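Coordinates in review
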Amino acid sequence: MFYLAEQMPRGDFLGSLEQIVMLAVMRLGTNAYGMTVRREIEERTGREISIGAVYATLERLEAKGYVSSFTGEPTAERGGRAKRHFEIEAAGHQALNASQNALKNMSEGLSRRWKRA
Amino acid sequence: MSPSTLALSQWILARLMPAARAEALIGDLLEERRLRLQAGSHVSVAGWYSRQLASSVPVLLWASMRRGAWLVTVVTAVASFIAAFRIQMVLQSALWPMTTSSFAHDVIMLLSFAAAVAACGYVAASIRLGAARLLAFLVFAAVCAMLAINTRAPLWYEGSLLVLGPLATIAGATLSGWLRRVWL
């Protein structure tokens, strides 16, 4: 356990919204941009999320090097504005994996206690 | 939702993010709004749009502050403001002994104030355009406060100070932008 803690640098764990946004980007693949990410999260979690929160989270993830983005072509239905597509980088996959594993390890064997509560 | 309300909301969002990101975000909002209008009523879509805007602005404002854009703008504007008043004091004390006429003293005050504020507006705009705008506002507010405290000055002088302060700042900022365009 101490070995694992030493191996995992601080800051490798993602926040819950960061994980949700990254999973949405992963699910959407080549069609991942602001609006689709927002709708995917809303449909799957049942919670209304603001486009501002999605962009702020993606900006944070991009600054950490977990996500990259590129500008698409402008389209008429967007008032001539271009889309910004997002994709997960290798470091992002690792961080997501580490965070999901940490949660899985922490919750292992606790399902009976949850049911009791 | 009226076109002017939409334009205003887009203007607000564009102030909070870098241009390319703001364009993408506004495009996303417009695209989803269009999709929702095909399925729902104008009232419900306007409600959705307002909720999106209301919940997005604080998050983006915070992200913008974390990015440091606001901090740099505010610090630049305040530093320029302090520098402008220092320069004005130096100019004024250098020119003051040249005459004994009170009218000439008022003119010296006005000219040294305009020159100092214009120079600082120029510097502020070279660092960040928003800082020059904020400086113009600070100068206007400071002049208003000064005139509210000291009402003995003649009306022409008070009016000139009020107009000249922000105008000189904007002139300095415009000169900075123009020179940058010429040189680059």
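Residues numbered from 1 in each chain as written. Chains lettered and ligands numbered in written order. Predicted model: local features only at pLDDT ≥ 70, side-chain atom pairs only at ≥ 80, totals over all residues.

Let us now look at the overall build of chain B. Scanning chain B for helices and strands turns up seven helices and zero strands. Within the span of chain B, comprising 184 residues, buried residues form 29% of the whole. A separation threshold of at least 6 residues defines the contact pool for chain B, and within that pool the share at least 24 residues apart is 70%. (Helix = DSSP H or I, 4+ residues; strand = E, 2+ residues; numbered from the N terminus. Buried ≥ 20, exposed ≤ 12 C-beta atoms within 10 Å, placed from the backbone. Contact = placed C-beta atoms within 7 Å.)

What follows is about the overall build of chain A. The helix and strand tally for chain A stands at six helices and two strands. Expressed as a percentage of its 117 residues, the buried residues of chain A come to 31%. Summarising the internal contacts of chain A: among those between residues at least 6 apart in sequence, 49% fall at separations of at least 24.

Looking now at the pairing of strand β1 (residues 67-75) of chain A. Residue and element names in this part refer to chain A. Bridge analysis of β1 against strand β2 (residues 81-88) gives seven bridges, and the strand direction is antiparallel. In the strand pairing of β2, Ser 69 is matched with Phe 86. Connecting the antiparallel pair β1 and β2 is a turn made up of five residues, with Gly 79 showing a positive phi of about 65°. (Pairing = 2+ DSSP bridges.)

Residue and element names in this part refer to chain B. Of the residues in chain B, 98% have a pLDDT of 70 or more, and the chain-wide mean is 87. Averaged over each element, pLDDT in chain B is lowest for helix α7 (residues 155-183) (85) and highest for helix α2 (residues 19-39) (93). On the interface metric, ipTM, the complex scores 0.82, and its pTM is 0.62. (pLDDT = per-residue confidence, 0-100.)

Let us now look at the interface of chain B and chain A. Tallying the contact residues gives 20 residues for chain B and 18 residues for chain A. Those elements giving two or more residues to the side of chain B that touches chain A turn out to be α2 and α3 (42-67) of chain B. With 13 residues, α2 of chain B is the largest single contributor of residues to the side of chain B that touches chain A. Tallied by class, the residues present in the side of chain B that touches chain A amount to ten nonpolar, four polar and six charged. (Nonpolar A, V, L, I, M, F, W, Y, C, P; charged D, E, K, R; others polar.)

A separate point is the confidence of the model for chain A. Looking at chain A as a whole, the pLDDT averages 88, with 89% of positions reaching at least 70. Scored below 50 in pLDDT, residues 1-10 of chain A shows one contact in the model against residues more than four places distant or in partner chains.

Residues and elements named next belong to chain A. Contact geometry for helix α3 (residues 34-45) and helix α4 (residues 51-64): axes closest at 10 Å, N-to-C directions at 110°. Overall, the two elements α3 and α4 adopt an arrangement that is roughly perpendicular. In this structure, α3 crosses over α4, and the sense of that crossing is right-handed. Contacts from Gly 34, Val 37 and Arg 38 of α3 reach α4 at Ile 51, Val 54 and Tyr 55. (Axes fitted to C-alpha atoms, helices over the stretch in contact; angles between N-to-C directions. Parallel < 35°, antiparallel > 145°, perpendicular 65-115°, else oblique. Left-handed = near helix turned anticlockwise from the far one by under 90°.)

Residue and element names in this part refer to chain A. Running from N to C, helix α2 (residues 16-28) and α4 cross one another at 90°; their axes reach a closest spacing of 10 Å. It follows that α2 is roughly perpendicular to α4 by the angle criterion. Residues Leu 17, Glu 18, Val 21 and Met 22 of α2 form the contact with α4, whose own contacting residues are Val 54, Thr 57, Leu 58 and Leu 61.

With 21 residues, α2 of chain B should reach 30 Å at 1.5 Å per residue; the first-to-last C-alpha distance of 31 Å fits that figure. Three or more residues of α2 of chain B are buried, namely Arg 21, Glu 23, Ala 24, Leu 25, Ile 26, Gly 27, Asp 28, Leu 29, Glu 31 and Glu 32 of chain B. On the buried face of α2 of chain B, the contacting elements are α3, α4 and β2 of chain A together with α1 (3-16) and α3 of chain B. (Expected span 1.5 Å × (residues − 1).)

What follows deals with the nonpolar core. Val 21, Val 25, Val 37, Val 54 and Leu 58 of chain A together with Leu 25 of chain B are the most contacted members of the largest nonpolar core, which has 32 residues in total. Sorting the residues of this core by element identifies α2, α3 and α4 of chain A together with α1, α2 and α3 of chain B as the ones contributing at least two each. It is α4 of chain A that contributes the most residues to this core, seven residues altogether. Apart from residues no more than four positions distant in its own chain, Leu 58 of chain A is found in contact with Val 21, Val 67 and Phe 86 of chain A. Of all hydrophobic cores here, the second largest spans 23 residues; its members include Phe 81, Ala 84, Phe 113 and Leu 138 of chain B. (Core = buried A, V, L, I, M, F, W, Y, C linked by C-beta atoms within 7 Å.)

This brings us to the environment of Ile 108 of chain B. Residue and element names in this part refer to chain B. Assignment of secondary structure puts Ile 108 in helix α5 (residues 102-127). For the pair Ile 108 and Gln 92, spaced 16 residues apart in sequence, the C-alpha separation works out to 6.7 Å. Setting aside its immediate chain neighbours within four residues, Ile 108 contacts Gln 92, Leu 95 and Trp 96.

Moving on to the environment of Val 25 of chain A. Within the secondary structure, Val 25 of chain A sits in helix α2. In this structure the C-alpha to C-alpha distance between Val 25 of chain A and Leu 58 of chain A, which are 33 residues apart in sequence, comes to 9.6 Å.

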